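Architecture at a glance
Listed here are the chains, written in short residue letters.
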Amino acid sequence: MISDASAAAQTIMKTFKVLPTVPVAASRAMQLLNSSDVDMGKVADILLADQVMAARIVRIVNSPLYNLLQEIDSVRQALIYLGPQRVFEIILTSCFLELTDSQMRSPLKIDFCWEHAFGVGLIAKKLASFSKEISEEQGYIAGILHDIGEVILAQQRREEFTRVMVLAREREIDLYKAEMEVFHTSHAEVGGLLAELWHFPAPYIDVIRHHHDADIDDMSPLTLLVHIADQICMSIGFSCKYDSIEQREGEVYLLDMIEIELKLKKIGIEQFRELRNSLGDMVQQVKQTVASIYG
Ligand SMILES: [Fe+2]
Ligand SMILES: [Fe+2]
C-alpha cells in the first residue's frame, strides 16, 4: 500500500520543471566498476569525456578527505592509485556535488549542505569501522547521499522551502518535520523516488527513503547507522537549516547521548567513547574538505 507521504511526493515530483539527472559519464562508469572484471582504462576514458566531472574527481581525490601523500593530477593516475572501490565512492560523491551545485537558485546555503553531507559521511564511515556487517565505503557513500532529496526539493520548490526553513528555525525543529507540515511529505520520500529513477544501488535508496522513519526497529543496519550519524552531525552544528554562520552558532543542539549509545548497540557498536573522542578531528576535516572543494 502506498502511504500518503509517498503519494504526495509523487505529486510534487510531477511539478518539477526539469528532472535533475545524474551525469551519463558517471552512471556508465559506475556500471563498469560494478562488473566483475573492471577495465580501468575504459573507466578513465568515460570519465575523461566529461570535463567537469573529471576536474571534480581530481579535486575530491586531493581534498583532505583522503589525506594522500602525493598530489594526484589526472583521472588516470587517480584510478591506478585508488582502485575501483574508492573510485566508485568518489564518483558518487561527485554526482552529489554535481546535482547540488547546479545553476538553479536554492534557499539552502549549499556549503552548509555539503558540510552536513561530508559530516554525516565521515561519521558514518567511522561508525562502520566498528561494525562487522557494514563496510566503511558503504557507510561513507550512504552518508553523503542521504539528504539528496532535500537539495532537489529546495531547488524545485523555492518559495515553500523558504517557509520550511523559517519554520524549522523558529520552532527549533528539524527540516524533516517542517517539510511534513508544508508539503505533507519530505525530502526522504522525494529523495527515495529520485534515487530509484537514477538507479542508485538498493541499499542507498533505502537509506535515503527511511533515515527519518519513526520506528528504528524496522530500519536496515545501514539506514540506522546513517540515522545515528545524522543526529550526531546535527549536534555538532552541521545542519542545512541555517542562513548564516551566526544563526548556526547561536543554536545549541542537545543530543541524548544515552539514546545514541543504545541505538549504536542495536547495530553491534560498543565503541561510543572512541567515537566521541574523534568528533573534534572530524569537524576540522569536514571544514577543510568543503573549503578545498567549494573554495
Ligand atoms: Fe534527512
Ligand atoms: Fe541529514
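Residues numbered from 1 in each chain as written. Chains lettered and ligands numbered in written order. Predicted model: local features only at pLDDT ≥ 70, side-chain atom pairs only at ≥ 80, totals over all residues. Heavy atoms only, no water.

Time to look at the layout of surface pockets. When its volume is computed, the second largest pocket comes out at roughly 220 Å³. Counting only elements with at least two residues in the lining of the second largest pocket, the list comes to α6 (110-129) and α16 (272-294). When the residues that make up the lining of the second largest pocket are grouped by side-chain class, the tally is four nonpolar, three polar and five charged. Counting contributing residues per domain, the lining of the second largest pocket is built from domain 1 (13-103) and domain 2 (105-295), each supplying no fewer than three. (1 Å grid on protein atoms, 1.4 Å probe; cavity = no way out; pocket = protein on both sides within 12 Å on 5 of 7 lines; lining within 4 Å. Points joined across faces, edges and corners; volume = space filled by probe spheres on them. Helix = DSSP H or I, 4+ residues; strand = E, 2+ residues; numbered from the N terminus. Nonpolar A, V, L, I, M, F, W, Y, C, P; charged D, E, K, R; others polar. Domains from an automatic or database assignment.)

Turning our attention to the side chain of T223. Residue position: T223 is located in helix α13 (residues 221-235). You can call T223 buried: its relative accessible area is 0%. Those residues within four positions of T223 in sequence are excluded, and the remaining contacts are D206, V207, H210 and H211. (Buried < 20%, exposed > 50% of the residue type's maximum accessible area, 1.4 Å probe, protein only. Contact = heavy atoms within 4.5 Å.)

For the iron ion (ligand 2), the full set of protein donor atoms is H116 (NE2), H146 (NE2), D147 (OD) and D230 (OD), at a range of 2.1 to 2.3 Å. One can describe the donor arrangement at the iron ion (ligand 2) as irregular, given that its four donor atoms subtend angles of 80 to 171 degrees at the metal. Every donor residue of the iron ion (ligand 2) comes from the same chain, spaced as H-x29-H-D-x82-D. Separating the iron ion (ligand 2) from the iron ion (ligand 1) is a gap of 3.6 Å, bridged by D147, which donates to each. Here H116, found in helix α6, pairs with D147, found in the loop between α7 (136-145) and α8 (148-156); they are 31 residues apart in sequence, far enough to count as distant. For the residue pair H116 and D147, the accessibility class agrees, reading buried in each case. (Donors = N, O, S within 2.8 Å, 3.2 Å for Na, K, Ca; no water. Tetrahedral: all angles 85-135°; square planar, octahedral: opposite > 155°, others 65-115°.)

In terms of domain boundaries, the protein breaks down into domain 1 (13-103) and domain 2 (105-295). Here the C-alpha centre of domain 2 lies 22 Å away from the C-alpha centre of domain 1. Each side of the interface is counted separately: domain 1 has 29 residues, and domain 2 has 33 residues. Between domain 1 and domain 2 lies a buried interface of about 2900 Å² when both sides are counted; carbon and sulfur atoms form 69% of it. If you sort the residues of domain 1 by the area they bury against domain 2, F16, L65 and F96 come out on top, with a joint share of 22%. For the interface between domain 1 and domain 2, the tally reads zero salt bridges. If you look at where domain 1 meets domain 2, you find five residue pairs in polar contact (both at pLDDT 80 or more). Elements with a contribution of two residues or more to the side of domain 1 that touches domain 2: α4 (51-61) and α5 (75-100). The greatest single-element share of the side of domain 1 that touches domain 2, amounting to nine residues, is contributed by α5. For the side of domain 1 that touches domain 2, the residue count by class is 15 nonpolar, nine polar and five charged. (Buried area = accessible area lost by both parts, 1.4 Å probe. Salt bridge = Lys/Arg side-chain N within 4 Å of Asp/Glu carboxyl O. Polar contact = N/O pair within 3.5 Å; in protein donor to acceptor, adjacent residues only side chain to side chain.)

Coordination of the iron ion (ligand 1) by the protein comes from D147 (OD), H187 (NE2), H211 (NE2) and H212 (NE2), over a distance range of 2.1 to 2.2 Å. For the iron ion (ligand 1), the four donor atoms in the first shell make angles of 86 to 174 degrees at the metal, so the coordination geometry reads as irregular.

With that settled, consider the pattern of salt bridges. For the structure on display, the rule yields nine salt bridges. When the shortest N-O distance is used, the salt bridge between K109 and D111 registers 3.9 Å. By relative accessible area, K109 is classed as partly exposed at 29%. Linked by salt bridges that have partners in common, E189, E196 and R209 make up one network.

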